[in-house]
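# Close look at the chain arrangement
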Amino acid sequence: MQTLTLEQETNPWEAQAARFDFAAKKLNLDEGIWRVLSQPNREIIIHIPVGMDDGSIEVFTGYRVQHSSARGPGKGGIRYSPNVTLDEVRALASWMTWKCAVVNIPFGGAKGGVICDPKKMSQGELERLTRRYTAELIEFLGPEKDVPAPDMGTDEQTMAWIMDTYSMHMRQTVNAVVTGKPVNLGGSRGRKEATGRGVSVVCDEALKQLGMTAKGCRVIVQGFGNVGSNTAKHLAEKGYAIIGIAEYDGGLFNAKGIDIPALIEHRKQAGTITGFAGAEAADKDELITRQCDILIPAATENVITSHNADRIRCRILCEGANGPTTPLADEVLGDKHVFIIPDILANAGGVTTSYFEWVQDRMGYFWTEPEVNQRLDHIMSQSFKDVTAYAKTHGVNNRIAAYMLAIDRVAYTTKQRGMYA
């Protein structure tokens, strides 16, 4: 692994590149293909004027990066956050390429973002921002080109606005242009819970492989948004003990296990997990270093770095978020023999069910929730087996195995297609 400075360590693009280069080297990847896959196909920067509620005009900066379309249309979320950077969007777009290839679905990677604070904006301001962002990108989006989805700070309402804006420009309803839409606009049943459900499936597979059982398996989840809360809910239903939850505004701990449905209800009423009667308050940063069987970072990047990796005390690290562990932290965790289920495998349930949504939209025929879940469970458990078998065959850890498998698949398609002059 190349040596990174601390500043580079927490740069998601540098982290992605370090892992890509390491895996590509292990594969003896052709130098030309290496160059092609190490850079995005296209990076778009737009400046979006929005009329605010007070009559003023704000200009927001937005991005869309399309990393690869070798295996199919670009696929990836749109993030609204004050911390969005071009490097972050680049990294997320490339991770999407590898993620789609790991679970073997016919998409390439893309990602979008707008530098804004959605918590400080009204519904009307967010709608105007979203519609103008979509209009600026109209020629680059489409069911055959690039299919956005929700991410941090965006939701099914955001996707409905994008779908409507795109459809108005095309003069016809095009519901396959985005995924993660409301079900009555062509969204898929099971989509909202899909990422969390996928995380729970790979946890089950890891336990089987390590000879552990779900009953009494102690889990700490960092992040209680869509992914974290659904992961916790599914694991609790399977008999795992969710002993800790860490959120941006505080943490909770209960050695006997937290009642997840009650916590979800409390959060709905109070708008926060703090003050929940069924667990004691805990320091959110200290919580992730407590002894547990499975630690699930399910929030943002760079949660586990060289500064705290030596204090991590879990048997299994299952990455519900994108890029929560830095390359330098990986080395420390490797020395501690932590079994890592990497992000490009662990959280691929969301994009897999997005693929199902795109398929259903295009054929105009919709599946029941049990059908969606059955297909998702099959793909997640099969992909877990593919990655761990690859790791064993090539004598590498699970993360590098996932990258090698993904790069191998994308490189193969890229070579088959050839270079268009």
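The coordinates are above.
Quick look at the structure, then.

Here is what the cut-offs are and how they apply
- Counting restarts for each chain: residues are numbered from 1 in the order of the written sequence.
- For a predicted model such as this one, the threshold for reporting local features is a pLDDT of at least 70, and the threshold for listing and counting side-chain atom pairs is 80 or more; totals across whole chains, interfaces and linings nevertheless cover every residue.
- With hydrogens and water stripped out, all remaining heavy atoms of the structure feed into the side-chain values.
- Helix and strand definitions follow DSSP, with helices as H or I runs of at least four residues and strands as E runs of at least two, each counted in order from the N terminus.
- Only protein chains enter the accessibility calculation, which uses a 1.4 Å probe. A residue is then buried if its area is under 20% of the maximum for its type, exposed if over 50%, and partly exposed in between.
- Two strands form a pair only when DSSP identifies at least two bridges running between them.
- A fitted line through C-alpha atoms represents every axis, and for helices the fit uses only the stretch in contact; the resulting angles, taken between N-to-C directions, go from 0 to 180 degrees.

## Details of unusual backbone geometry
Unlike most non-glycine residues, asparagine 104 shows phi in positive territory, near 60 degrees. Counting through the fold element by element, asparagine 104 comes out in the loop between helix 4 (86-102) and strand 4 (108-115). With relative accessibility at 45%, the residue asparagine 104 sits in the partly exposed group.

## Some remarks on the sheet that holds strand 9 (residues 280-282)
Taken together, the seven strands give an open sheet; going across it, the order is 9-8-7-6-10-11-12, and neighbouring strands pair in mixed fashion. Only two strands of the sheet have a single partner each, and these edge strands are strand 9 and strand 12 (339-341). Here the strands of the sheet are splayed against their neighbours by 20 degrees on average, with no regard to which way each runs. In the sheet, strand 7 (residues 241-247) pairs with strand 8 (residues 250-253) via four bridges, with the strands oriented antiparallel. In the sheet register, isoleucine 245 faces strand 8, and the bridge partner there is leucine 252.

## Considerations on the sheet that holds strand 5 (residues 146-150)
Taken in spatial order, the five strands make up an open sheet running 1-2-4-3-5, and their pairing is mixed. The sheet is open, and its two edges are formed by strand 1 (42-51) and strand 5, each paired on a single side. Recorded for the sheet is a direction-independent mean angle of 25 degrees between the axes of neighbouring strands. With five bridges connecting them, strand 2 (residues 57-66) and strand 4 associate as antiparallel partners. In the sheet register, valine 65 faces strand 4, and the bridge partner there is lysine 111.

## What to know about the pairing of strand 2
For strand 2, a buried count of seven out of 10 residues is recorded, marking the element as mostly surrounded by other parts of the structure. As judged from the 10 bridges shared by strand 1 and strand 2, these two strands associate in the antiparallel manner. Residue pairing across strands places isoleucine 48 opposite phenylalanine 60, the latter belonging to strand 2. Connecting strand 1 to the next strand, strand 2, in antiparallel fashion are five residues, including glycine 55 with a positive phi near 95 degrees.

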